[in-house]
Number of protein chains: 2
Amino acid sequence: MDTRFAADYFDAHRGAVLEEWFELLRLPTVGADPRRLGDCARAAAWLKKFLRPMGFEVEIVSPPSLEGERPREPLETERAARGDTRPPVPVLLAERQGERPGMTVLFYGHYDVQPEDPVAEWRTPPFEPSLLDGRVYARGAQDNKGQLMGFLMGVRALVEAGVPLPTLKVVLEGQEESGSGVLTELAPSLALRLQADVLMACDTSSGPGRQPAITAGLRGVQHLTVTLTGPAHDLHSGVHGGVAPNPAQGLARLLASLHRADGSIAVKGFCDNVEPPSEEERAMAMSGGGTEEQYAAEVGCPPWGGAQDADMVTRGSFLPTIEINGVHSGYGGPGSKTVIPSAAVAKISARLVPGQSPPETFAALVKHLEAHCPRGMRLAVSDTYGGAPGFRLPLGSPVFRLAEDVLGRMDARGALFRWEGASIPIISTLRHISGAAPLLVGFGSEDDRIHSPNESFGVDQFVHCMTWATLMLDALAS
Amino acid sequence: MDTRFAADYFDAHRGAVLEEWFELLRLPTVGADPRRLGDCARAAAWLKKFLRPMGFEVEIVSPPSLEGERPREPLETERAARGDTRPPVPVLLAERQGERPGMTVLFYGHYDVQPEDPVAEWRTPPFEPSLLDGRVYARGAQDNKGQLMGFLMGVRALVEAGVPLPTLKVVLEGQEESGSGVLTELAPSLALRLQADVLMACDTSSGPGRQPAITAGLRGVQHLTVTLTGPAHDLHSGVHGGVAPNPAQGLARLLASLHRADGSIAVKGFCDNVEPPSEEERAMAMSGGGTEEQYAAEVGCPPWGGAQDADMVTRGSFLPTIEINGVHSGYGGPGSKTVIPSAAVAKISARLVPGQSPPETFAALVKHLEAHCPRGMRLAVSDTYGGAPGFRLPLGSPVFRLAEDVLGRMDARGALFRWEGASIPIISTLRHISGAAPLLVGFGSEDDRIHSPNESFGVDQFVHCMTWATLMLDALAS
């Protein structure tokens, strides 16, 4: 397989390929928002139509369609009991019998995207893809619609050229950004159908200077919303100042209690079983880590978050975190409004590393919040996601060796190993039920600004995804 | 003067009086919002039209109209230099020669209102007054349009009946809720015009059980907005968690640093010169203070804010405060969005008591914020209002004796003295330039929910304002 094969295909079909990618980007598939359930269903249907001409059998599964297998009510009841009010976004399952049936590849991707807010900060409409200076701007342009479409376009190039392929299974979901609820529920019933040798996903990033990277570990994630309530309604802060408890102040104190002054996590029991990385893992991670100056230039501030006694690579790859994702209380408009707010809300998420058990850390976090609830206020925890564990993969596996060869052909610098701080919780689940070895290679970059306004993906990065798919699938079929 | 005089007038003219009050309430006079400048100008014009038939000479003054007196540019430049971007909301000045010219009363009121948000929590439209069960619901229904219209309706009842009055000066402004910028600027040039013996305002509350109250002191106020900035844009909290500084966390820590664990103010120098109340003041305040249980029943939470070693009356009347009026950062929608926010903003206001110098406490607060700025982040202070001092008035003055007599006629329980925690900063200024003795009697109640959604004012309270005006002005003219 020539390393130019995918790029040649892209050049020959550029207009059509971009238009198909853009069609998917135009669907505002915010999987966490019940109002966008219809758009998510449309995206699943669109992907089905995209995959079938390549020889895939495709099925769209959503909880109500499970009625035949198990009664709907228990599932709904179970979801409600967990406080899960997320919409039942459909999952797409596809399978293409290979010309080299000895090897089965399971490809995972997600067609849902992060919410587009703050909308005012977008320079182009978030759901109208704009091609500017070789980059496509849209919510999901990279994460994950861009990377998954790049990969699948590589598959299409191979299929159209009649290149012999391994058996390909595809699972695409619409809730990765909000906890993969439906797919996690379906997973046990799909164990047989998803058996595979290699589990590929194209949802990660390259290393510094865009050197190709194999992600050898991910952190787990869990999250919750905490609400502090004081007065029954907003109060005049002159009349009541010094008398009524102030939830905005109480929340500040509560959130500040989660970390010590040195930035380390202060939640009792949260970090008890953290497994440190091996010397090899630490050394490889450090070699691809970049400098503080590079980080500051890219991100706009120095990398001084987290525990002060650890280096930035260790903090970003091998240590857990508790982060505040949002805080809202009281007045936020122009000028001033002298109120004591009735309530204050914070969105909190944690990242977990190997050794930490999600149920145990979640319980420790909730216990800490309850124990530190300021006097005179009521605390409520809602919108909880108990989460997924982190993992690290053995570095010497045959699949990693093959991937290193392929990435060495794509880039003379060869491949880095990375331990990303981000999470793809469903990867842990799919790894268990499929029995496959995860192979996480993606071509994201900090410039892509995923989860932020003005998310984008370079056309060159898109072609890298295609190239990676063609070379690696060809290598696996050989 | 009969105590029923005002109520009889109201009963005879009920429809017309309510409609005039409602006309004023329909104007969305949020003085802090530049988009509402036109509505503020319309309110000033409406009040002019309301006052002239009673024999008042009326002038509407706004900064541009001062061109004749002093050049406009320095004023604008001065405002800009202070970072004052508030709109130049007009001030209304009126004067009615009295039939008893030996005594001059200066009446102060404000026609501006607090912002109406959160709009969704209003059960009736905030600028469409609704009369329900004897209460008028609207933003400003009480504060201050209801109380000032009640007072001025009392004046009209006296004028129409031909009752001899003292000389009446009226100053109505449209920026009380945002710092009285224009009136404070104009004040020095108005010193001669506003000379008076008594300075009346109807912008305070009754005591527990609606017992009439004379406000013998007010706290001062100052406020600012603080913004912490970290990354140049929102970041993925998995990729960057533990690496990038998190402004939402940093702000929590910064705000928590303003108070000690026992609730007392931790800002160095802020409380240095606080003058404690006299034994008489403390005893009188305690007698009108109510219990913790009454407070909890009224407000929906126990009165456990502020410093834990002081009782609730002392904390609300005689101690300074620093309160967080709002905090906003990152995601606040449904579900979760795993970002590290680029910035976090807090609205902070302080209440000051006698002995504290506003410039000194303001400097101490800013110095504290800067000294505690979390590492890796930038701190900016904006939207500042340097503020006004607090004051307490001597209890034995002749005006207070007269007011006690009048209120004793209105209510057999007699009058309480109160030291309100709220502020009317311009009262200090007007007191100085007019040479008048302040007499602050109002008929507000906790139920009125001023500054909150569903603000309201009882028609009975409105009539009390009228009655107070008729009895007290008649007494002063005698």
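Everything below is about the structure printed above this text.
Reading the values: rules and limits
Residues numbered from 1 in each chain as written. Chains lettered and ligands numbered in written order. Predicted model: local features only at pLDDT ≥ 70, side-chain atom pairs only at ≥ 80, totals over all residues. Heavy atoms only, no water. Helix = DSSP H or I, 4+ residues; strand = E, 2+ residues; numbered from the N terminus. Contact = heavy atoms within 4.5 Å. Salt bridge = Lys/Arg side-chain N within 4 Å of Asp/Glu carboxyl O. Buried < 20%, exposed > 50% of the residue type's maximum accessible area, 1.4 Å probe, protein only. Pairing = 2+ DSSP bridges. Buried area = accessible area lost by both parts, 1.4 Å probe. Polar contact = N/O pair within 3.5 Å; in protein donor to acceptor, adjacent residues only side chain to side chain. Axes fitted to C-alpha atoms, helices over the stretch in contact; angles between N-to-C directions. Parallel < 35°, antiparallel > 145°, perpendicular 65-115°, else oblique. Nonpolar A, V, L, I, M, F, W, Y, C, P; charged D, E, K, R; others polar.

Caption draft 1: Fine view of the side chain of Ser452 of chain B. Assignment of secondary structure puts Ser452 of chain B in the loop between β17 (437-441) and β18 (456-458). Other than its neighbours up to four places away in sequence, Ser452 of chain B contacts His233, Asp234 and Leu235 of chain A together with Trp122 and Arg139 of chain B.

Caption draft 2: Looking closely at the pattern of salt bridges. Applying the stated criterion across every chain yields a total of 43 salt bridges over all chains. Residue Arg4 of chain A pairs with Asp11 of chain A through a salt bridge whose shortest N-O separation is 3.4 Å. A relative accessible area of 42% places Arg4 of chain A in the partly exposed class. Taking the shortest distance from any N to any O, the salt bridge between Glu20 of chain B and Arg156 of chain B comes out at 2.5 Å. One end of the pair, Glu20 of chain B, is in helix α1 (residues 5-26); the other, Arg156 of chain B, is in helix α4 (residues 145-160), with 136 residues separating them in the sequence. The exposure class assigned to Glu20 of chain B is buried, which follows from its relative accessible area of 19%. Salt bridges sharing partners connect three or more residues here, namely Asp33, Arg35, Arg36 and Glu116 of chain A.

Caption draft 3: A look at the pairing of strand β11 (residues 321-330) of chain B. Within β11 of chain B, 8 of the 10 residues are buried, leaving the element largely enclosed by the surrounding structure. Taken together, the 5 bridges between strand β11 (residues 321-330) of chain A and β11 of chain B define a ladder with antiparallel strand orientation. Among the inter-strand pairings, Val327 of chain A is bridged to a residue of β11 of chain B, identified as Ser329 of chain B. Inspection of the sheet shows β11 of chain B paired to strand β13 (residues 343-352) of chain B by 7 bridges, in the antiparallel sense.

Caption draft 4: Highlighting the pairing of strand β2 (residues 91-96) of chain B. Residue and element names in this part refer to chain B. The buried count for β2 comes to 5 of 6 residues, which makes it a mostly enclosed element. Here strand β1 (residues 57-61) pairs with β2 via 5 bridges, running antiparallel. Along β2, the bridge assignment pairs Val61 with Val91. Judged from the 5 bridges that link them, β2 and strand β6 (residues 166-173) form a sheet pairing that is antiparallel. Across the sheet, residue Ala94 finds its bridge partner in β6, namely Val170.

Caption draft 5: The arrangement of the interface of chain A and chain B in detail. The interface of chain A with chain B comprises 83 residues on the first partner and 83 residues on the second. Across the chain A/chain B interface, buried area totals approximately 7,400 Å², and carbon plus sulfur atoms make up 51% of it. Our count for the chain A to chain B interface comes out at 2 salt bridges. Lys337 of chain A is the salt-bridge partner of Asp117 of chain B, the closest N and O atoms lying 3.7 Å from each other. A per-element tally of the side of chain A that touches chain B places β11 of chain A first, with 10 residues.

Caption draft 6: Structural detail: the environment of Glu160 of chain A. Residue and element names in this part refer to chain A. With respect to the element layout, Glu160 can be found in helix α5 (residues 145-160). Residues Glu160 and Arg413, spaced 253 residues apart in sequence, show a C-alpha to C-alpha distance of 31 Å. Ignoring anything within four residues of it in the chain, the contact list for Glu160 reads Tyr9 and His13. Polar side-chain contacts of Glu160 include one of 3.1 Å to the side chain of Tyr9.

Caption draft 7: Representation of the sheet that holds β11 of chain A. Read from one edge to the other, the open sheet built from 8 strands follows the order β14(A)-β9(A)-β13(A)-β11(A)-β11(B)-β13(B)-β9(B)-β14(B), with strand pairing classed as antiparallel. Looking at strand neighbours, the two that pair on one side only are β14 (378-388) of chain A together with β14 (378-388) of chain B, the edges of this open sheet. Within the sheet, the average angular offset between the axes of one strand and its neighbour, ignoring direction, is 20°.

Caption draft 8: Inspection of the packing of helix α1 (residues 5-12) of chain A against helix α2 (residues 14-25) of chain A at higher detail. Residues and elements named next belong to chain A. Viewed as axis vectors pointing N to C, α1 and α2 meet at an angle of 90°, and their least axial separation amounts to 5 Å. What the angle tells us is that α1 and α2 run roughly perpendicular. On α2, the residues touching Tyr9, Phe10, Asp11 and Ala12 of α1 are Arg14, Val17 and Leu18. Its residues assigned to classes, the contact of α1 with α2 shows 5 nonpolar, no polar and 2 charged.

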